[in-house]
Amino acid sequence: MAVLVALGAFLMTLAGGWTAQRVTDRRHLVLGLAGGLMLGVVGLDLLPEALRAAGREVLGVPAALLLFVAGFLLAHLAERTLAARQAAHGGAEDHHRVPEVGLAAAGAMVGHSAMDGVAIGAAFQVGGGMGTAVALAVIAHDFADGFNTFTLTSLYGNARRRAVAMLVADACAPVLGALSTAFFRIPEPVLGGYLGLFGGVLLYLAAAEILPEAHHEHPARSTLLCTVAGVAFVWLVVGFSG
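Structure report, in brief.

Cut-off values and rules
Residues numbered from 1 in each chain as written. Predicted model: local features only at pLDDT ≥ 70, side-chain atom pairs only at ≥ 80, totals over all residues. Heavy atoms only, no water. Core = buried A, V, L, I, M, F, W, Y, C linked by side-chain atoms within 4.5 Å. Buried < 20%, exposed > 50% of the residue type's maximum accessible area, 1.4 Å probe, protein only. Helix = DSSP H or I, 4+ residues; strand = E, 2+ residues; numbered from the N terminus. Contact = heavy atoms within 4.5 Å. Axes fitted to C-alpha atoms, helices over the stretch in contact; angles between N-to-C directions. Parallel < 35°, antiparallel > 145°, perpendicular 65-115°, else oblique. Left-handed = near helix turned anticlockwise from the far one by under 90°. Nonpolar A, V, L, I, M, F, W, Y, C, P; charged D, E, K, R; others polar.

Most often, soluble globular proteins keep nonpolar side chains buried together rather than apart. Ranked by internal contacts, the top residues of the largest apolar core, which has 37 residues, are Met38, Leu46, Leu152, Leu202, Leu205 and Ile210. Listing elements by their share of this core, those giving two or more residues are helix 2 (27-54), helix 3 (63-88), helix 4 (99-126), helix 5 (128-155) and helix 7 (188-216). No other element matches helix 2, which puts 11 residues into this core. Not counting the four nearest positions on each side in its chain, Leu152 is found in contact with Met38, Gly102, Ala105, Met109, Leu205 and Ile210. Core analysis: the next-biggest nonpolar cluster, separate from the first, contains 5 residues, Ala106, Val110, Ala114 and Ala173 among them.

What follows is about the packing of helix 2 against helix 7. Across the interface, helix 2 lies against helix 7 with an axial gap of 8 Å and an inter-helix angle of 155 degrees. Classed by the angle they form, the pair helix 2 and helix 7 counts as roughly antiparallel. In terms of crossing hand, the pair formed by helix 2 and helix 7 is left-handed. Here the contact of helix 2 with helix 7 is composed, by residue class, of 20 nonpolar, 8 polar and 5 charged.

Laid out in structure tokens, this is it:
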């Protein structure tokens, strides 16, 4: 049952990526929506779950929040390092065009989708009701995951075939994650720490990269509305599946 539900997540992820491809003539709107979706996923989905799962504190600060800040700083450091390396080899230091950053970010999305599959499998081990609730939440927000995976990979100058390959990997990840629960279960504190770290990376990409790029050439009200719509969509998903 968990694997069948994960197949639904597979299809929803592909639908999100397909949507991102079809609206490339409105790139600023796509980026505005992607930034809103990422902001909503971080603030309304990942961080609350990370704080609940990680539990323990380090010197009075929740471990999930420390890893959240660490993820933000790691993303910034990785981007600056790759941009400097590209400039040293004769390339322009344009941090929006370092393909490795886009691939790394998409790879993190794939890892997150695999954890979604694990969550589906673990929830069905607890009971059918819990499994259904988690499955609905995962399937609903996997549209945003697919949308963001394709957008992130393309934004950083990767060829379309790479963006499609990362999208397919992101779609397959929940199925593999659900299958893996037949053999092991990730400890909840470890999962909470991972979600905190991943949330920091996503927030950096949304706030420092995607949203500034969305408003750079088209500081339109419609772009801002797309960002707000992205956050609102995630809020509705979290609210109705909670």
